[in-house]
Amino acid sequence: MTRPIISLKPSYNSVVRGCPGLPETLPRVECELRIRSSDAKPFKIDKIEIVLKTVESLINTSHHSFSSKPKLERTSTHYKKSIRISEKKLIGIDIPLTIGLPDDIKETNFNHNFGQAVTFLECGLRYNGLEERELFTRTINVERYTFLPSPKMFPSLGRKVYSPDKKFAVTYRLRNPCVTKDDFLHVDFELKLNSKGGHDNSVSSSSTTSLIFNKKSKARLKAAVVNVKEFLEVNSDDRTGSSGVNEPKENVLLEMGMPIDELITNNPIRWSMDIRILTQNELFKEFEDSLLESPLLSKSVNSSDEFSASNPKINTRLIQNKADGNPGLVPLQYHTSITTHRGNLFRILHGITVKFKIGNGKSFQISQPIDITPWKLSQLKNVEQLILQERETAKYARLFYENFGGLKKVVASASTGTHADRVEYPPLPPVVYPNDSRTLKKLNVEFSGEERSNRSRIPLLE
């Protein structure tokens, strides 16, 4: 039976052009929607519906119950368009698509503790007057360029805080407040007595009485314990359908302790900590490491016996991508805990808590937000170069689209069916394949008999 075959052809290596999150680079989806007859016989296209949407899903487990449903989902529609074709029967049609991505589009990510966000390009096709439509869905992997582990974008920051009883002062400095999913967070600490407050009223602020106070003080800094945490922040919205859903949820990714055991005086206790950050999927990290380190491939081996003797056992593991029972929905490189943009349903934040264990005194802790990005330090130079190139490309793209009517700003509203402002690109002319012998020859379709109805497609690969 004749039916349409729908496929997607990227304009370049990726369907996503520009840098999502940076409006000046004109983030957009550029591709060609191809619709072909399944058996080289003509068919009539009634209507084509094209939708670009992001689906956010929260995992409902016994650890945090969001609702009675297995998952709590919300869909953000970025683009929706209906196309009607003439009444003529066609062999196929190619439709160039340029869809502007909104500034607040959420990055593709799967977090096994909290949930996932995936963007889809969906094409629904009604043909030959049938009620049932042909549906084509393709995952669009979105990477945002707003969090980069660059000292220019995220310079070191320093803070000074006090214990709740005001007896101790802590000064710390984060050398790299934005880290990658496989990195070290470098933090410098100073802890001392707070000479400006927290003492008894009878204690003088003079140097002599301060020394007396220090002699009487038996407080010791026993250790500093650091927890790296991820936080789930759900948007305040009654549509979640669950009471208490906006309570913050957290998960400890790492705990690291450092013994110190020093007497706390007016002289600061100084120490530094290199906190290991590793949030990416372990199996995918093994895969990436195997690409970077390949001594077995670079070594010249003359015989299989020599190979077996030098490497008696090599373990291999099959990486399977199954997210929530949907294999292949989110590629493994996106299975990681990263700081995500606020979406229509939720976002994920990160931070560290440092607990100072005090002997002969009250222990206390401080908190500091950090950002975890999927971009690695080794990629930073190439990513920065890409951003510069896309800014230049966007200038030429604006000039190109001026010839077709120019770019327009579409404001989010119920009439447009979108939740955020975006750039509307003028439609480019499609390529139509009519039902004639010239088109059939161009598409490698020949007659297998004298009758016109007997056609067969010439296979390009036998």
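Residue numbers run consecutively from 1 along every chain, following the written order of its sequence. Given that this is a predicted model, residues contribute local features only at a pLDDT of at least 70 and side-chain atom pairs are listed and counted only at 80 or more, while totals for whole chains, interfaces and linings are drawn from all residues. Excluding hydrogens and water, the side-chain values take into account all heavy atoms of the structure.

For the protein chain, an unreviewed UniProt entry supplies the name Arrestin-like N-terminal domain-containing protein and the organism Zygotorulaspora mrakii.

A. Region of interest: the overall build of the protein chain. Runs of H or I in DSSP of at least four residues are treated as helices and runs of E of at least two as strands, each being numbered from the N terminus. Helix and strand counts for the protein chain stand at six helices and 25 strands. Pairs at least 24 residues apart make up 70% of the contacts formed inside the protein chain by residues separated by at least 6 positions. Note on areas: these come from Shrake-Rupley sampling with a 1.4 Å probe, and a residue is covered only by the protein chains present in the view. About 25600 Å² of surface is accessible on the protein chain, with carbon and sulfur atoms providing 50% of the total. A contact between two residues is defined here by any heavy atoms of the two lying within 4.5 Å.

B. The arrangement of unusual backbone geometry in detail. Phi at K166 is positive, roughly 65°, even though this residue is not glycine. Mapping K166 onto the fold places it in the loop between β10 (157-162) and β11 (168-174). Three exposure classes are used, based on accessible area relative to the maximum for each residue type with a 1.4 Å probe and protein chains only: buried under 20%, partly exposed in between, and exposed over 50%. Since its relative accessible area comes to 44%, K166 is described here as partly exposed.

C. Focus on the packing of aromatic side chains. Stacked, tilted and edge-to-face are the three classes applied to pairs of Phe, Tyr and Trp rings, where Trp contributes its six-membered ring and a pair requires centres within 6.5 Å; stacked means planes under 30 degrees apart, edge-to-face means over 60, and tilted covers the rest. Under the counting rule described, the total for this entry stands at 12 aromatic pairs. Aromatic pair F356 and F364: ring centres 5.1 Å apart, planes at 35°, arrangement tilted. The same class applies to F356 as to F364, namely buried. The side chain of K106 reaches across the aromatic face of F346, ending 4.7 Å from its centre. The ring of F184 is capped by R276, whose NZ or CZ atom sits 5.0 Å from the centre of that ring. Only when the NZ atom of a Lys or the CZ atom of an Arg is both within 6 Å of the ring centre and within 35 degrees of the ring normal do we say a charge sits over the ring.

D. Summary view of the environment of L278. Tracing the backbone shows L278 in strand β16 (residues 269-278). Once the C-alpha coordinates of L278 and L254 are considered, the two residues, 24 residues apart in sequence, prove to be 8.7 Å apart. Excluding anything up to four places from it in sequence, L278 contacts K181, D182 and K285.

E. Looking closely at the side chain of T336. Following the sequence through the fold, T336 ends up in the loop between β18 (326-327) and β19 (346-359). Residue T336 is classed as buried on the basis of its relative accessible area of 4%. Polar contact is the term for a pair of N or O atoms within 3.5 Å; when the atoms are in protein, one must be able to donate a hydrogen and the other to accept it, and sequence-neighboring residues count only if both atoms are side-chain atoms. Engagement of the side chain of T336 in a polar contact is seen with the backbone oxygen of T279, the distance being 3.1 Å. Apart from the residues within four sequence positions on either side, T336 is in contact with N109, F110, K181, T279, Q280 and N281.

F. Region of interest: the confidence of the model for the protein chain. Residues with a pLDDT of 70 or more make up 77% of the protein chain, whose mean pLDDT is 82. A residue's pLDDT is the confidence the predictor assigns to it, expressed on a 0 to 100 scale. Per-residue pLDDT stays below 50 along residues 238-245; that stretch engages in 13 contacts with residues further than four places along the chain or on separate chains. In the predicted structure, residues 458-462 sits below a pLDDT of 50 and forms three contacts with residues beyond four places in sequence or in another chain.

G. Representation of the pattern of salt bridges in the model. When a carboxyl oxygen of Asp or Glu is within 4 Å of a side-chain nitrogen of Lys or Arg, the pair counts as a salt bridge. Per the counting criterion, the structure on display carries 21 salt bridges. Among the salt bridges present, the one from R36 reaches D94, with a minimum N-O distance of 2.4 Å. Of this pair, R36 sits in strand β3 (residues 28-37) while D94 is found in strand β6 (residues 90-100), placing the two residues 58 residues apart along the sequence. The same class applies to R36 as to D94, namely buried. Across the salt bridge formed by R220 and D261, the nearest N and O atoms sit 3.2 Å from each other.

H. The arrangement of helix α5 (residues 380-402) in detail. Helices are assigned an expected span. That span is 1.5 Å times one less than the residue count. Between its first and last C-alpha atoms α5 spans 33 Å; for 23 residues at 1.5 Å apiece the expected length is 33 Å, and the two agree. For α5, every residue scored as buried is listed here: L380, V383, I387, E390, A394, A397 and Y401. Next to the buried residues of α5 lie β2 (16-17), β3 and β6.

I. Examining the sheet that holds β16 more closely. If DSSP finds at least two bridges between two strands, the strands pair. The sheet built from four strands is open, its strands ordered β10-β11-β13-β16 with antiparallel pairing. In the strand order of this sheet, the two ends are held by β10 and β16, each with one partner. Neighbouring strand axes in the sheet, compared pairwise and without regard to direction, differ in orientation by 20° on average. Examined bridge by bridge, β11 and strand β13 (residues 182-193) share seven bridges and lie antiparallel to one another. In this description, a line fitted to the C-alpha atoms serves as the axis of each element, helices being fitted only across the stretch in contact, and the angle between N-to-C directions of two axes falls anywhere from 0 to 180 degrees.

J. Inspection of the sheet that holds strand β14 (residues 220-234) at higher detail. In spatial order, the strands read β12-β20-β19-β14-β15; together these five strands make up an open sheet with mixed pairing. Two strands bound the open sheet, and with one partner strand each, they are β12 (178-180) and β15 (249-263). Within this sheet the neighbouring strands show an average axis-to-axis angle of 30°, counted without direction. When β12 meets strand β20 (residues 364-373), the two strands line up parallel, connected through three bridges. From the neighbouring strand, V179 faces β20, where its bridge partner is I372.

K. Here's a closer look at the environment of V161. Tracing the sequence through the fold places V161 in strand β10. Classification of V161 by relative accessible area gives partly exposed; the value is 23%. In this structure the C-alpha to C-alpha distance between V161 and Y172, which are 11 residues apart in sequence, comes to 8.6 Å. Beyond its immediate chain neighbours, meaning those up to four positions away, V161 contacts F168, A169, V170, Y172 and I366.

L. Local environment of the layout of surface pockets. In this analysis a 1.4 Å probe is tested at points of a 1 Å grid over the protein atoms alone, and where it fits but cannot get out there is a cavity; an open set with protein on both sides within 12 Å along at least five of seven lines is a pocket; lining residues have an atom within 4 Å of a point. Grid points are joined across faces, edges and corners, and a volume is the space filled by probe spheres set on the points. As a volume, the largest pocket reaches approximately 340 Å³. If you trace the largest pocket, you find 22 residues lining it, with E143, K181, Y334, P374 and W375 closest to the centre. Going through the elements one at a time, α2 (282-292) and β20 are the ones with two or more residues in the lining of the largest pocket. Residues belonging to the lining of the largest pocket are distributed by class as follows: eight nonpolar, eight polar and six charged. Each of two domains, domain 1 (4-61 + 70-146 + 383-443) and domain 2 (149-194 + 218-235 + 247-290 + 331-374), supplies a minimum of three residues to the lining of the largest pocket. Three classes are used: nonpolar for Ala, Val, Leu, Ile, Met, Phe, Trp, Tyr, Cys and Pro, charged for Asp, Glu, Lys and Arg, and polar for all others, with Gly counted as polar. Domain delimitation follows an automatic or database domain assignment.

M. Spatial organisation of the environment of T137. Its location among the elements puts T137 in strand β9 (residues 134-140). Take T137: its relative accessible area is 38%, and that puts it in the partly exposed class. Taking the C-alpha atoms as reference, T137 lies 6.4 Å from C123; in sequence the two are 14 residues apart. The residues contacting T137, other than those within four sequence positions of it, are F120, L121 and E122.

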